[in-house]
Amino acid sequence: MPQTKTSQRRPRNAARAQEAILSAAEMEFARHGFAGARVDAIAKAAGYNKSLIFQYFGDKLGLYTDVLKRVDAQATRVGLQILGSLSPDAPITRESFGALVREMVTAMFDYVVEHPQPLRIIAWEEAGGWTTLRKLYSQLDHSDVHLFMGILDRARQAGVLRPEISPHLFLMILTNVCRTYITSLPVFQMVLFGDEPASKLDTPDALAQARDEIAAFVVHGLIADS
């Protein structure tokens, strides 16, 4: 069998090939969503032939699933590392819970700043009514969400979480506030400041200030008064 250009260029390493394909696919899905993404474009960007993608991932949905599983695993590791710092036997106080929430907001904000592609994929899912994500949602890791919901229940029982705020609402606020801030930056920059270079909202200093203010806002708004 004659060698392809890919096999002539470099020996195949399965792990390296899969990582390159997933990275290229993440970019393609971020640009065009699941429906608009093309496997040919992913193969070209990754430097591997299309048949290899089907060999590793089955079809486009299988590739999309593995892209989201990789993204989800990255975010889950961050969440579990923070949530694991709170002992399951330790009493939850306003101070300990406030520190935990502040750390969660900070980590989530930094994550979405450093990983813009998943935000764009989520935006495509939102626009499409989450139809593709529904097909694969059961394959994602939800251990950090379950752990956090348990902590929220403990906080509510301890009188730390405001009684009018449900744990589900708290989780939705915490999950979305950082994401929507980042995705809304361009329009608010335009509305509030236009092209004024001295008022950029996306500089490192401006982002750090916004992150700290959002964390303070969430802590103050959701933790019960003493």
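## Some thoughts on the environment of Ala14
Then comes step 1: Here Ala14 lies in helix 2 (residues 14-36).
Then comes step 2: For Ala14 and Tyr56, which are 42 residues apart along the polypeptide, the C-alpha to C-alpha distance reads 8.7 Å.

## A few points about helix 10 (residues 167-193)
Then comes step 1: The end-to-end C-alpha separation of helix 10 is 36 Å, in line with the 39 Å expected for 27 residues at 1.5 Å each.
Then comes step 2: For helix 10, the principal kink sits at Leu185 and spans about 55 degrees; a proline, Pro186, occurs within the next four residues.
Then comes step 3: Inspection of helix 10 places Pro167, Phe170, Leu171, Leu174, Cys178, Arg179, Ile182, Leu185 and Gln189 among the buried residues, and these make up the whole buried set.
Then comes step 4: Against the buried residues of helix 10 lie helix 6 (94-114), helix 7 (116-127), helix 9 (143-157) and helix 11 (204-222).
Then comes step 5: The positive-phi residue at the C-terminal boundary of helix 10 is Gly194, with phi of around 60 degrees.

## Looking at the pattern of salt bridges
Then comes step 1: According to the stated counting rule, one finds seven salt bridges in the structure shown.
Then comes step 2: Salt-bridge contacts for Glu19 lead to Arg70; the nearest nitrogen and oxygen are separated by 2.5 Å. Highlighted residues: Glu19 in helix 2 and Arg70 in helix 5 (residues 60-83), separated in sequence by 51 residues.
Then comes step 3: Taking the relative accessible area as the measure of exposure, Glu19 reaches 42% and is therefore partly exposed.
Then comes step 4: A relative accessible area of 17% places Arg70 in the buried class.
Then comes step 5: Through salt bridges with shared partners, one network takes in Glu19, Glu26 and Arg70.

## Some remarks on the nonpolar core
Then comes step 1: Ranked by size, the top nonpolar core spans 38 residues in total, and within it Phe97, Val101, Val105, Phe170 and Val218 carry the most contacts.
Then comes step 2: Elements with a contribution of two residues or more to this core: helix 5, helix 6, helix 9, helix 10 and helix 11.
Then comes step 3: When residues of this core are assigned to their parent elements, the largest contribution, nine residues, is made by helix 6.
Then comes step 4: In terms of nonpolar packing, the next biggest core, distinct from the first, is built from 25 residues, Ala24, Ala37, Ala43 and Leu133 among them.

The rules behind each value
Residues numbered from 1 in each chain as written. Predicted model: local features only at pLDDT ≥ 70, side-chain atom pairs only at ≥ 80, totals over all residues. Heavy atoms only, no water. Helix = DSSP H or I, 4+ residues; strand = E, 2+ residues; numbered from the N terminus. Expected span 1.5 Å × (residues − 1). Bend = angle between axes of the 7 residues up to and from the residue. Buried < 20%, exposed > 50% of the residue type's maximum accessible area, 1.4 Å probe, protein only. Contact = heavy atoms within 4.5 Å. Salt bridge = Lys/Arg side-chain N within 4 Å of Asp/Glu carboxyl O. Core = buried A, V, L, I, M, F, W, Y, C linked by side-chain atoms within 4.5 Å.

The analysis is restricted to geometry; functional conclusions fall outside its scope.
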